[in-house]
Amino acid sequence: MEKISKNQLFCLIMMGQIGSTNLWALGIEAKRDAWIVDIISTIAGMGLVWLYTSIYSKYPEKNIVGITQSILGKTLGWPLGFVYFMIYTFNATRTTSEFADLINVTFLQDTPNLVIQIIFYIAIIYVLFLGIETLGRIAEIIFPVVILLIISIYIMIIASKQINLKELLPVFQGGFKPILKAFYPIGINFPFGLVYVFFQFWKYNGSVKEVKKTTYWALALTGVNLTVSLIIMVTSMGFNYTSVATIPFLEVIKLISLGDIITNLDAIGVILVFMGGFYLTILFYYSAVLIFAELFHIKDYRWVLIPLAVFIMWYSKIYEPNYPFHVKYLVPQYWQQWVPVSNIVPIMLLLIFYLKRYCNMELNIQNK
Amino acid sequence: MKFITKIINDTIETGIGQSIIAFSAWGYAFILVAVTLYYAVLSLIKLISGNKN
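The model shown is predicted, which means the values in this text are computed figures rather than measured ones.

**Notes on the overall build of chain B**
Each helix and strand counted, chain B has 2 helices and 0 strands in total. Here the C-alpha atoms of chain B give a radius of gyration of 18 Å, more than 25% beyond the 10 Å that 2.2 N^0.38 yields for 53 residues. In terms of overall dimensions, chain B has C-alpha extents of about 55 × 25 × 5 Å along its principal axes. Of the roughly 3500 Å² of accessible surface on chain B, 75% is carried by carbon and sulfur atoms.

**Concerning empty space enclosed by the protein**
Residue and element names in this part refer to chain A. This model, assessed by the stated rule, comprises 1 cavity of 30 Å³ or more. Of the volumes computed, that of the largest cavity is approximately 50 Å³. Lining the largest cavity we find Gly-16, Gln-17, Leu-194, Val-197, Phe-198, Leu-280, Leu-283 and Phe-284. When contributions to the lining of the largest cavity are tallied by element, the ones reaching two or more residues are helix 1 (6-21) and helix 11 (266-295). By residue number, the principal contributor to the lining of the largest cavity is helix 11, which donates 3 residues. Tallied by class, residues from the lining of the largest cavity come to 6 nonpolar, 2 polar and no charged.

**Notes on helix 5 (residues 113-130) of chain A**
Residue and element names in this part refer to chain A. Between its first and last C-alpha atoms helix 5 spans 26 Å; for 18 residues at 1.5 Å apiece the expected length is 26 Å, and the two agree. Those residues of helix 5 not exposed but buried are Asn-113, Ile-116, Gln-117, Phe-120, Tyr-121, Ile-124, Ile-125, Val-127 and Leu-128. Buried positions in helix 5, seen along its axis, are confined to an arc of 160° and lie on one side of it. Exposed side chains of helix 5 directed beyond 90 degrees from the buried face belong to Ile-119, Ile-122 and Tyr-126.

**Remarks on the nonpolar core**
Residues and elements named next belong to chain A. The biggest cluster of nonpolar side chains holds 146 residues, and the ones touching the most others in it are Tyr-196, Trp-202 and Tyr-285. The leading source of residues in this core is helix 11, at 18 residues. Other than its neighbours up to four places away in sequence, Trp-202 contacts Leu-9, Ile-13, Tyr-52, Thr-53, Tyr-56, Val-195, Val-211 and Thr-215.

**Focus: the pattern of salt bridges**
Pairing of side chains with opposite charge becomes possible as their charged atoms draw close. Residue and element names in this part refer to chain A. By the definition in use, this model includes 3 salt bridges over all chains. With a closest N to O distance of 4.0 Å, Glu-167 and Arg-32 form a salt bridge. Taken together, the residues Glu-167 in the loop between helix 6 (132-159) and helix 7 (177-189) and Arg-32 in the loop between helix 1 and helix 2 (34-58) connect sequence positions 135 residues apart. A salt bridge links Glu-251 to Lys-254, with the shortest nitrogen-to-oxygen separation between them at 3.8 Å. Of this pair, Glu-251 and Lys-254 both sit in helix 10 (residues 248-255), 3 residues apart, roughly one helical turn. With a relative accessible area of 44%, Lys-254 lands in the partly exposed category.

**Comments concerning the layout of surface pockets**
Remark: the empty space left among the atoms is shown by a probe the size of a water molecule rolled over them. Residue and element names in this part refer to chain A. Space inside the largest pocket adds up to approximately 560 Å³. Forming the boundary of the largest pocket are 31 residues, of which Trp-24, Leu-26, Phe-190, Tyr-323 and Leu-330 lie nearest the centre. Sorting the residues of the lining of the largest pocket by element identifies helix 1, helix 4 (74-106), helix 9 (239-244), helix 11, helix 13 (323-328) and helix 14 (330-358) as the ones contributing at least two each. Looking at the lining of the largest pocket residue by residue, the class counts come to 18 nonpolar, 10 polar and 3 charged.

**As for unusual backbone geometry**
Residue and element names in this part refer to chain A. The omega torsion of the bond from Leu-169 to Pro-170 falls at -5°, within 30 degrees of zero and hence cis. Note that Pro-170 resides in the loop between helix 6 and helix 7. Located in the positive-phi region is Lys-161, a residue other than glycine, with phi close to 55°. Looking at where Lys-161 falls in the secondary structure, it is placed in the loop between helix 6 and helix 7. When its relative accessible area of 75% is taken as the criterion, Lys-161 is described as exposed. One non-glycine residue with positive phi stands out, namely Phe-172, at about 55°. Take Phe-172: it is sitting in the loop between helix 6 and helix 7.

**Focus on the packing of helix 7 of chain A against helix 14 of chain A**
When two helices pack together, their arrangement is given by the angle between their axes and by how far apart the axes lie. Residue and element names in this part refer to chain A. Two numbers describe how helix 7 lies on helix 14: the axes approach to 10 Å, and their chain directions differ by 65°. Judged by the angle between their axes, helix 7 and helix 14 are roughly perpendicular. The crossing of helix 7 and helix 14 is left-handed. For the pair formed by helix 7 and helix 14, the contact residues are Tyr-184, Pro-185, Ile-186 and Asn-189 on the first element and Val-331, Tyr-334, Trp-335, Trp-338, Val-339, Ser-342 and Asn-343 on the second. Partitioned by chemical class, the residues of the contact of helix 7 with helix 14 number 8 nonpolar, 3 polar and no charged.

**Some points on the confidence of the model for chain A**
When the pLDDT values of chain A are averaged, the result is 87; 98% of them are 70 or greater. Element-level mean pLDDT values for chain A span from 76 in helix 13 of chain A up to 92 in helix 5 of chain A.

**Observations regarding the environment of Val-252 of chain A**
All names here are of chain A. Among the secondary structure elements, Val-252 is positioned in helix 10. Along the sequence, Val-252 and Met-237 sit 15 residues apart, while their C-alpha atoms lie 7.2 Å from each other. Residues within four places of Val-252 in sequence aside, it is in contact with Ile-157, Ile-232, Met-233, Ser-236 and Met-237.

What counts, and at which threshold
Residues numbered from 1 in each chain as written. Chains lettered and ligands numbered in written order. Predicted model: local features only at pLDDT ≥ 70, side-chain atom pairs only at ≥ 80, totals over all residues. Heavy atoms only, no water. Helix = DSSP H or I, 4+ residues; strand = E, 2+ residues; numbered from the N terminus. Rg over C-alpha atoms; globule rule 2.2 N^0.38 Å. Areas by Shrake-Rupley, 256 points an atom, 1.4 Å probe, with all protein chains shown as cover. 1 Å grid on protein atoms, 1.4 Å probe; cavity = no way out; pocket = protein on both sides within 12 Å on 5 of 7 lines; lining within 4 Å. Points joined across faces, edges and corners; volume = space filled by probe spheres on them. Nonpolar A, V, L, I, M, F, W, Y, C, P; charged D, E, K, R; others polar. Expected span 1.5 Å × (residues − 1). Buried < 20%, exposed > 50% of the residue type's maximum accessible area, 1.4 Å probe, protein only. Arc of directions from axis to C-beta. Core = buried A, V, L, I, M, F, W, Y, C linked by side-chain atoms within 4.5 Å. Contact = heavy atoms within 4.5 Å. Salt bridge = Lys/Arg side-chain N within 4 Å of Asp/Glu carboxyl O. Axes fitted to C-alpha atoms, helices over the stretch in contact; angles between N-to-C directions. Parallel < 35°, antiparallel > 145°, perpendicular 65-115°, else oblique. Left-handed = near helix turned anticlockwise from the far one by under 90°. pLDDT = per-residue confidence, 0-100.

This is the structure in structure tokens:
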């Protein structure tokens, strides 16, 4: 079986998280208190990581399909696996459409959306034909570059004297209600609930201790990154503009001007949008492919890659006509999918596991 | 009730694909809650019968 090191796993988680966090102002529904939402979400997100890794720790050599079938039996486990396949395919569709739209709107206005998507998927399929080890190694190479770019943006925006910390005041202006509203379900599930997708990839590392440690560290760093990024957005642009900007982080980059020499760094934004989109899409798409191959006993998952990519590109046109539609259905989508799948189902799986073990029932446990 | 109605309406508005996913995700969540309750009752019976012995 293919293997990935803890460093590669860390880089993969971080790249997935950067794709879903850095570019947007998460928790901005709580206005100036959005940074508090991010801190609370990070702490609560650690609880989710504990939940997921507790389930994984019982079956370190299985993915979500194997785990659900071991805990629930084949009759109940198989359809649940299929639900995961549908959800990951749907999310791959949404991220494909989202990032292709963003690149279309911001940088490549005259390029047809489909061409962007095809180029995107040629790169993705090529990487996935080579396997998880290649994906891990690419993440290991790209992640330092991406994080260096993000840190240099933070430094340059501070050096450009664009930061006004008074924008964060007054604290708790609307009380706790807006904070709680922004915290659940979006704050905690986006990005922390997205770690659920790593049920497909943890087994490639195989060491429960390493997986737990790596995932906690990656998520803690994501929380810090998320909070710093949000504080920079709000303090440099004000919360009014941050809340309406299509890609707030890109707008921050546009503000950078060091002595009128270092300016117009939009290209960095392009790299971040592309890298973020690439990794977020690849994680959902690869998970869907692996689940499908396992459910239908296809020995080599590579057979599924191209048909599913074609389906995703077709469905992204049918489902999502434009970017505003994507934004509009972000909150309903969390209630429709992530609350049951990332919150309720894992809690129930862990409870069923312990209850069945107490009743001495068959569980095929790999790691007691 | 209003909240549930709103969620269902939002789901149907997003199209057939999203509706299938949303209803199957929630359906499964409820099935698992029922299964958990079933095993909880079994565990309780075991606990009580164990204490009697």
